[in-house]
Amino acid sequence: MSDKTIRQVREEAGLTQQDMADKLGISRQAYAAYESHPDRVTIAQARRICSILGAEYERIFFGKFAS
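Residues numbered from 1 in each chain as written. Predicted model: local features only at pLDDT ≥ 70, side-chain atom pairs only at ≥ 80, totals over all residues. Heavy atoms only, no water.

## A closer look at the overall build of the protein chain
Counting its secondary structure elements, the protein chain contains 5 helices and 0 strands. Listed N to C, the secondary structure of the protein chain is α-α-α-α-α in terms of helices and strands. Going through the 67 residues of the protein chain one by one, you find that 33% of them count as buried. Expressed as a percentage of contacts within the protein chain between residues at least 6 apart in sequence, the contacts between residues at least 24 apart total 47%. Of the roughly 4300 Å² of accessible surface on the protein chain, a fraction of 48% belongs to carbon and sulfur atoms. (Helix = DSSP H or I, 4+ residues; strand = E, 2+ residues; numbered from the N terminus. Buried < 20%, exposed > 50% of the residue type's maximum accessible area, 1.4 Å probe, protein only. Contact = heavy atoms within 4.5 Å. Areas by Shrake-Rupley, 256 points an atom, 1.4 Å probe, with all protein chains shown as cover.)

Laid out in structure tokens, this is it:
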């Protein structure tokens, strides 16, 4: 499985930024910031995002470090 960005996985899941924001209980702008700056997402939020998307957080947030 190749490493993908949050945006790519979200789009593959057929969700909009607003859908994700609603599921996370945050504004769309706050969620958009997660996609633009994934290094600023807390581990707790990263786990929630990946739970919603059915993805492994290591591959989305830390993929460049994976072996």
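## A short note on helix H3 (residues 28-36)
A turn of α-helix holds 3.6 residues, and therefore any two residues three or four places apart point the same way. By the burial criterion, the buried members of H3 are Tyr31, Ala32, Tyr34 and Glu35. Viewed end-on, H3 has its buried residues packed into an arc of 150°, placing them on one side of the element. Exposed and oriented more than 90 degrees from the buried face of H3 are Gln29 and Ser36. Check the buried side of H3 and you find it contacts helix H1 (6-12), helix H2 (17-24) and helix H4 (43-53). (Arc of directions from axis to C-beta.)

## Here we look at the pattern of salt bridges
Tallied over the entire structure, the rule returns 3 salt bridges. A salt bridge links Lys4 to Glu12; the nearest nitrogen and oxygen atoms lie 2.9 Å apart. The class for Glu12 is exposed, based on a relative accessible area of 55%. Measuring nitrogen to oxygen at the nearest pair gives 2.5 Å for the salt bridge that ties Glu35 to Arg10. Of the two residues, Glu35 is situated in helix H3 and Arg10 in helix H1; the sequence distance between them amounts to 25 residues. Classification of Arg10 as buried rests on a relative accessible area of 6%. (Salt bridge = Lys/Arg side-chain N within 4 Å of Asp/Glu carboxyl O.)

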